[in-house]
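For reference, the chains in residue letters:
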Amino acid sequence: MFKIIQFNNLLNVGTKYSSRYMSICAKSLKYSEYGEPGDVLKLVEEKIDSPKNKQVLVKILAAPINPADINTIQGKYPVKPKFPATAGNECVAEVIEVGDAVQKLQKGQHVVPFVTGIGTWTTHALYTEDQLMPISNDIGLAEAATITVNPCTAYRMLKDFVKLSPGETVIQNGANSGVGQAVHQLCKAWNLKSVGVVRDRPDINGLKDHLRSLGATEVLTEEELRTTTLFKSGSLPKPRLALNCVGGKSATEVGRQLADKGVHVTYGGMSREPVIAATAALIFKDISFHGFWMTRWSKENAQSEERMRMFAELCDLMLQKKFVGPVHELVPLEQFKEATAAALNFKGFTGKKYILDMRN
């Protein structure tokens, strides 16, 4: 079905075209069993023929490594692919050729996945027209490659749980994660106050300055959060919305800052510790706790007008340079073992995003 590329021959494997029909030799990261990415992912090559009917042949330009991608490969994610599977869920690609029944896409256009689970860690792929969404070629590589997960997660959590008015406050932990960086930028665009919580580190002042440059109103370490008077002094309104991607004590601490009837939303659990709701917060402050999974929202709202408005607004902010991609490092596809290993650790999940660069 596919063959493993010998690594000493990688430099000799490229894109191959026939004289009459476009026949491409794609390089893909595939796996046929669950496990750690470095153990189960194999770099393989396979022939891709010209598209037919509603098929679209694309050249993948860049594809990020997300925590959910790692968890899927490990078999720890609710999405279970059919083996052999191509890893990856996000990307930005260029249309190379379209089938004769394709109506809305054309050669040279940039596209991003419109559905989940199509496999994006590959140099080339055949998708169907309805699996892709056109995106402006003027949007930056990192911004386009990461638009469908983190910015959308931030957008929906800010929109769907509390009706926030300009000047109101949002608090979040994991504030330097991909979603965290997106939350700061959207809060700035929508005139909301954004308070971020991060783990202490040697370069904490540089990190705080960076997050403030994105739109954070204030950035606190987890230790500083426990003793802050930021909300008691009236410097900022008490948050009506708390966003949690860590769990454990960190989730409890951001919840403690909420105003009465505030909403606590969990979208991740990097500490692998449970979210504990304080009894007093439930009874006397009427705090409500919710979970959010972007994949479910996208499936339930696949063709909705609201989803189209969200993408339109995010793209507009990117074109205006009011929304930038996450702190990231571009790595060649062949360096997937090093990149996935770095993304596996806690720092990788909350420090910078690794993006597979497949332009060459």
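Just so it is clear, the structure is predicted and the values come from calculations on it, not from any experiment.

Enquirer: How would you explain the overall build of the chain if you had to name every residue and give the values?
Expert: Secondary structure assignment for the chain yields 13 helices and 17 strands. For 360 residues, the compact-globule estimate of 2.2 N^0.38 gives 21 Å, and the C-alpha radius of gyration of the chain, at 21 Å, lies within 12% of that figure. Its C-alpha atoms give the chain principal-axis dimensions of about 75 × 40 × 35 Å. Counting over 360 residues, the chain shows a buried share of 53%. In the chain, the proportion of contacts linking residues at least 24 apart, taken out of those at least 6 apart, comes to 73%. Within the structure as shown, the chain displays about 16,900 Å² of accessible surface, and the carbon and sulfur contribution to it stands at 50%. In the chain, 44 side chains carry a positive charge and 37 a negative one; their mean positions are 1 Å apart.

Enquirer: I'd like a description of the nonpolar core, backed by residues and values.
Expert: Core analysis: the biggest nonpolar cluster contains 46 residues, and Leu158, Leu186 and Leu241 have the highest contact counts within it. Top element by residues in this core is helix α11 (residues 305-319). It accounts for 6 residues. Excluding residues within four positions of it along the chain, Leu186 makes contact with Pro151, Ala154, Tyr155, Leu158, Leu314, Leu317 and Phe323.

Enquirer: Can you lay out helix α5 (residues 178-189) for me, pointing to particular residues and giving the numbers?
Expert: Helix length check: α5, at 12 residues, gives a terminal C-alpha distance of 17 Å against a target of 16 Å (1.5 Å per residue), a fit within 8%. Most of α5 is tucked away, with 10 of its 12 residues classed as buried. Within the span of α5, buried status applies to Gly178, Val179, Gly180, Gln181, Ala182, Val183, His184, Gln185, Leu186 and Cys187. On its buried face, α5 is in contact with α4 (150-160), β10 (169-173), β11 (193-198), α6 (204-214), β13 (241-244) and α11. Positive backbone phi, approximately 60°, marks Asn191, located one or two places after α5.

Enquirer: So what about unusual backbone geometry? Which residues, and what values?
Expert: At the junction of Phe83 and Pro84, the peptide bond is cis and its omega measures out at -10° in the coordinates. Summarising the element assignment, Pro84 is placed in the loop between α2 (67-74) and β5 (85-86).

Enquirer: Could you give an account of empty space enclosed by the protein, naming the residues involved and the relevant values?
Expert: Counted by the stated rule, this structure contains 3 cavities of 30 Å³ or more. Considering only enclosed or pocket space, the second largest cavity measures out at about 60 Å³ in volume. In terms of lining, the second largest cavity is formed by Thr146, Asn150, Pro151, Gly178, Gln181, Ala182, Gln185, Phe323, Val324, Gly325 and Pro326. At the level of elements, α4 and α5 are the ones that each hand at least two residues to the lining of the second largest cavity. No other element matches the 4 residues that α5 contributes to the lining of the second largest cavity. Class assignment for the residues of the lining of the second largest cavity results in 5 nonpolar, 6 polar and no charged.

Enquirer: Mind laying out the packing of aromatic side chains, listing which residues take part and the relevant values?
Expert: Under the counting rule described, the total for this entry stands at 5 aromatic pairs. When the centroid spacing of 5.8 Å and the interplanar angle of 80° are considered together, the rings of Tyr77 and Trp293 count as edge-to-face. Of this pair, Tyr77 sits in the loop between α2 and β5 while Trp293 is found in the loop between β15 (288-291) and α10 (294-300), placing the two residues 216 residues apart along the sequence. Tyr77 gets classed as buried once you look at its relative accessible area, which sits at 17%. Owing to a relative accessible area of 26%, Trp293 belongs among the partly exposed residues under this scheme. Taken together, a centroid distance of 6.1 Å and an interplanar angle of 90° make the contact between Phe161 and Phe292 edge-to-face. Taken together, the residues span a long stretch of sequence, with Phe161 in the loop between α4 and β10 and Phe292 in the loop between β15 and α10 at a distance of 131 residues. Under the relative-accessibility criterion, Phe161 is labelled partly exposed at 23%. Members of the aromatic cluster, joined through ring pairs, are Tyr31, Tyr34 and Phe83. Directly above the aromatic system of Phe114 lies the positively charged group of Arg307, at a separation of 4.2 Å from the ring centroid.

About the criteria used
Residues numbered from 1 in each chain as written. Predicted model: local features only at pLDDT ≥ 70, side-chain atom pairs only at ≥ 80, totals over all residues. Heavy atoms only, no water. Helix = DSSP H or I, 4+ residues; strand = E, 2+ residues; numbered from the N terminus. Rg over C-alpha atoms; globule rule 2.2 N^0.38 Å. Buried < 20%, exposed > 50% of the residue type's maximum accessible area, 1.4 Å probe, protein only. Contact = heavy atoms within 4.5 Å. Areas by Shrake-Rupley, 256 points an atom, 1.4 Å probe, with all protein chains shown as cover. Lys, Arg positive; Asp, Glu negative; His and termini not counted. Charge placed at Lys NZ, Arg CZ, Asp CG, Glu CD. Core = buried A, V, L, I, M, F, W, Y, C linked by side-chain atoms within 4.5 Å. Expected span 1.5 Å × (residues − 1). 1 Å grid on protein atoms, 1.4 Å probe; cavity = no way out; pocket = protein on both sides within 12 Å on 5 of 7 lines; lining within 4 Å. Points joined across faces, edges and corners; volume = space filled by probe spheres on them. Nonpolar A, V, L, I, M, F, W, Y, C, P; charged D, E, K, R; others polar. Phe/Tyr/Trp six-rings, centres within 6.5 Å; stacked < 30°, edge-to-face > 60°. Lys NZ or Arg CZ within 6 Å of the ring centre and 35° of its normal.

Interpretation note: all reported values are geometric properties and have no functional meaning in isolation.
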